[in-house]
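Structural characterization, general
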Amino acid sequence: SESGRAANHQRTGVSYEDIGGLDEELELVREMIELPLSEPELFTRLGVEPPKGVLLHGPPGTGKTLIAKAVANEVDAHFISVSGPEIVSKYKGDSEERLRETFAEARNEAPTVVFFDEIDSIGGKRDEGGDMEDRIVGQLLSLMDGLEGRGEVVVIGATNRVDDLDPALRRGGRFDREIEIGVPGEAGRREILDVHTRNMPLADDVDLDRVADRTYGFVGADLESLAKEAAMTALRRLRRGSGPEKPRSVGVGDGDRGEDEDEGDG
Ligand code: ATP
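Since the structure is predicted, the reported quantities are computational estimates derived from the model, not experimental observations.

Turning our attention to the sheet that holds strand β1 (residues 53-57). Backbone hydrogen bonds hold the strands of a sheet together, and the pairing may be parallel or antiparallel. Ordered by their spatial adjacency, five strands build an open sheet running β2-β3-β4-β1-β5, and the pairing between neighbours is parallel. The open sheet terminates on both sides in strands that have one partner only, identified here as β2 (78-83) and β5 (177-180). The sheet shows a mean angle of 20 degrees between the axes of neighbouring strands, direction not considered. Examined bridge by bridge, strand β3 (residues 112-117) and strand β4 (residues 153-159) share five bridges and lie parallel to one another.

This is the structure:
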């Protein structure tokens, strides 16, 4: 939509501080994205092609969009977000044109990060899609190939289903790196809780370590809702006029999550 496009012209306002956990993953993304955007001539001088993009894969709500927005914002790049399903269905018949427009805008406004959310819905395995899907993937591939040499436009793709992606999109020269953005471990959850309670007054008895311990399986989006729900509960209590008493705690049920947690990462 027009208003959607207008919004895309603004800076995202997301910073690295807003990302909890994912230090190593973010480092990998930054290596591939920041330099080509800020100093593309370095690559030219060394006679190597600057990276064109990275593919982020992992479960929903783990911070893939957040990373893309943060990188764009931190290097002061233009950010364009493209929804895979929207390109395929909403612009039916017009999808390739939309893709060309997107890349043209990216070039005009460079440096630009083009973010393709749910890219598997465009670049699904081609033999499974119809003619239309074939043409859309073909167009995307040729646009990405066309980025050659210039730098200043990078593509970040995101998918929950990396195995469904068209192998052509995964070959070298398209996405230079595939980075898994996984479900956070306890330390990651603790950092994410920090991010989402940063501006909240917490009661003395709120123990975020304990919350992190008891939220096995929660991803960033879940922890964000948890913090918001806790704030809403506190707000309700305040409005009911239960006096000067401060909100008591961020509640996590006494479920059996957490106890037998097997931490995947540090
Ligand atoms: P999807 O596949 O559904 O698009 P995603 O991985 O792109 O998921 P995000 O959109 O980045 O997920 O995350 C949704 C929201 O959850 C974010 O806006 C943020 O508030 C919160 N969130 C997710 N991951 C993190 C994280 N690592 N640190 C802080 N907040 C997070």
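Looking now at the site of the ligand. Neighbouring the ligand are 18 residues; G20, G61, K64, T65 and H196 lie closest to it. One of the backbone nitrogen or oxygen atoms of T62 is found 3.2 Å away from an oxygen atom of the ligand. Residue E224 places a side-chain N or O atom 2.9 Å away from an oxygen atom belonging to the ligand. Notes on the ligand: free accessible area 620 Å², of which the protein chains cover 81%. For the shell around the ligand, the secondary-structure elements that each account for two or more residues are α4 (64-74), α9 (186-197) and α11 (220-239). Residue composition of the shell around the ligand, by class: six nonpolar, eight polar and four charged.

Counted under the stated rule, the structure contains two aromatic pairs. Between F79 and F115 the ring centres are 6.2 Å apart and the planes differ by 20 degrees, which places this aromatic pair in the stacked class. Of the two residues, F79 sits in strand β2 while F115 sits in strand β3, which places them 36 residues apart along the sequence. Residue F115 is classed as buried on the basis of its relative accessible area, which comes to 0%.

With respect to the secondary-structure elements, K64 resides in helix α4. Buried K64, no salt bridge; nearest opposite-charge side chain is D117, N-O distance 6.5 Å. Among the polar contacts made by the side chain of K64, one reaches the side chain of T62 at a distance of 3.4 Å. When residues no more than four places from it in sequence are discounted, the contact partners of K64 are L56, H57, G58, P59, F115, A158, T159, N160 and I181.

Once that is clear, we can look at the environment of A104. Looking at the element boundaries, A104 is found in helix α6 (residues 95-108). The spacing of A104 and L143 is 39 residues in sequence and 9.6 Å in space, taken between C-alpha atoms.

Let us look at the environment of E86. Considering the arrangement of structural elements, one finds E86 in helix α5 (residues 84-89). Residue E86 is classed as partly exposed on the basis of its relative accessible area of 31%. Between the C-alpha atom of E86 and that of V206, which follows or precedes it by 120 residues, the distance is 42 Å.

Quick notes on the rules
Residues numbered from 1 in each chain as written. Predicted model: local features only at pLDDT ≥ 70, side-chain atom pairs only at ≥ 80, totals over all residues. Heavy atoms only, no water. Pairing = 2+ DSSP bridges. Helix = DSSP H or I, 4+ residues; strand = E, 2+ residues; numbered from the N terminus. Axes fitted to C-alpha atoms, helices over the stretch in contact; angles between N-to-C directions. Near = heavy atom within 4 Å. Polar contact = N/O pair within 3.5 Å; in protein donor to acceptor, adjacent residues only side chain to side chain. Areas by Shrake-Rupley, 256 points an atom, 1.4 Å probe, with all protein chains shown as cover. Nonpolar A, V, L, I, M, F, W, Y, C, P; charged D, E, K, R; others polar. Phe/Tyr/Trp six-rings, centres within 6.5 Å; stacked < 30°, edge-to-face > 60°. Buried < 20%, exposed > 50% of the residue type's maximum accessible area, 1.4 Å probe, protein only. Lys, Arg positive; Asp, Glu negative; His and termini not counted. Salt bridge = Lys/Arg side-chain N within 4 Å of Asp/Glu carboxyl O. Contact = heavy atoms within 4.5 Å.

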